[in-house]
Amino acid sequence: MPISKKALQEYADENQALAAYRRAEAALYENAAKEAVAGITHETPEYQRLNQAVIDAGKQLPKRFKHLTKEG
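Residues numbered from 1 in each chain as written. Predicted model: local features only at pLDDT ≥ 70, side-chain atom pairs only at ≥ 80, totals over all residues. Heavy atoms only, no water.

## A closer look at the overall build of the protein chain
So, step 1. The helix and strand inventory of the protein chain stands at two helices and zero strands.
So, step 2. The C-alpha radius of gyration computed for the protein chain amounts to 16 Å, which surpasses the reference 11 Å derived for 72 residues by more than 25%, pointing to a less compact arrangement than a globule.
So, step 3. Along the longest, intermediate and shortest principal axes, the C-alpha atoms of the protein chain span 55 × 20 × 15 Å.
So, step 4. Burial analysis of the protein chain (72 residues in total) assigns 22% to the buried set.
So, step 5. Of the accessible surface of the protein chain, which amounts to about 5,700 Å², a share of 56% is contributed by carbon and sulfur atoms.
So, step 6. Distance from the positive charge centre (11 side chains) to the negative charge centre (10 side chains) of the protein chain: 7 Å. (Helix = DSSP H or I, 4+ residues; strand = E, 2+ residues; numbered from the N terminus. Rg over C-alpha atoms; globule rule 2.2 N^0.38 Å. Buried < 20%, exposed > 50% of the residue type's maximum accessible area, 1.4 Å probe, protein only. Areas by Shrake-Rupley, 256 points an atom, 1.4 Å probe, with all protein chains shown as cover. Lys, Arg positive; Asp, Glu negative; His and termini not counted. Charge placed at Lys NZ, Arg CZ, Asp CG, Glu CD.)

## Looking at the pattern of salt bridges
So, step 1. Counted according to the given criterion, the structure contains four salt bridges.
So, step 2. Taking the shortest distance from any N to any O, the salt bridge between Lys34 and Glu30 comes out at 3.5 Å. In this pair, Lys34 and Glu30 are both assigned in helix H1 (residues 5–37), four residues apart and thus about one turn of the helix distant.
So, step 3. Judged by relative accessible area, Lys34 falls into the exposed class, the value being 52%.
So, step 4. For Arg49, the salt bridge is made with Glu46, and the minimal N-O distance between the two is 2.7 Å. Taken together, the residues Arg49 and Glu46, both in helix H2 (residues 45–59) and three residues apart, mark about one turn of the helix.
So, step 5. Note on Glu46: relative accessible area 33%, which makes it partly exposed. (Salt bridge = Lys/Arg side-chain N within 4 Å of Asp/Glu carboxyl O.)

## Details of the nonpolar core
Inside soluble globular proteins, nonpolar side chains tend to come together where they are buried.
So, step 1. Membership of the largest hydrophobic core is limited to ten residues, which are Ala17, Leu18, Tyr21, Ala24, Leu28, Leu50, Val54, Ala57, Leu61 and Phe65.
So, step 2. Secondary structure elements with two or more residues in this core: H1 and H2.
So, step 3. Residue contributions to this core peak at five residues, all from H1. (Core = buried A, V, L, I, M, F, W, Y, C linked by side-chain atoms within 4.5 Å.)

## Concerning H1
So, step 1. Look at H1: 48 Å from first C-alpha to last across 33 residues, which is about the 48 Å you get at 1.5 Å a residue.
So, step 2. For H1, the set of buried residues is Ala17, Leu18, Tyr21, Ala24, Leu28, Asn31 and Glu35.
So, step 3. The inward-facing, buried residues of H1 contact H2.
So, step 4. Directly beyond the C-terminal end of H1, a positive phi value near 85° is found at Gly39. (Expected span 1.5 Å × (residues − 1). Contact = heavy atoms within 4.5 Å.)

Written out as structure tokens, the structure is:
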């Protein structure tokens, strides 16, 4: 049975949202590692900005991917 265009578009949209979430999360982790190497032990404005980007991207995830966020 062929997949409908609508279902295929939904699948593509879900995967784009998941990719955006993972990119945001990777940027946060990379920044945290760099700040740790630099001896920074507090949340910098850049860390907070990247953390908010992860939260915002998590809100865009479809229900079936919500388990990936800490809020679940």
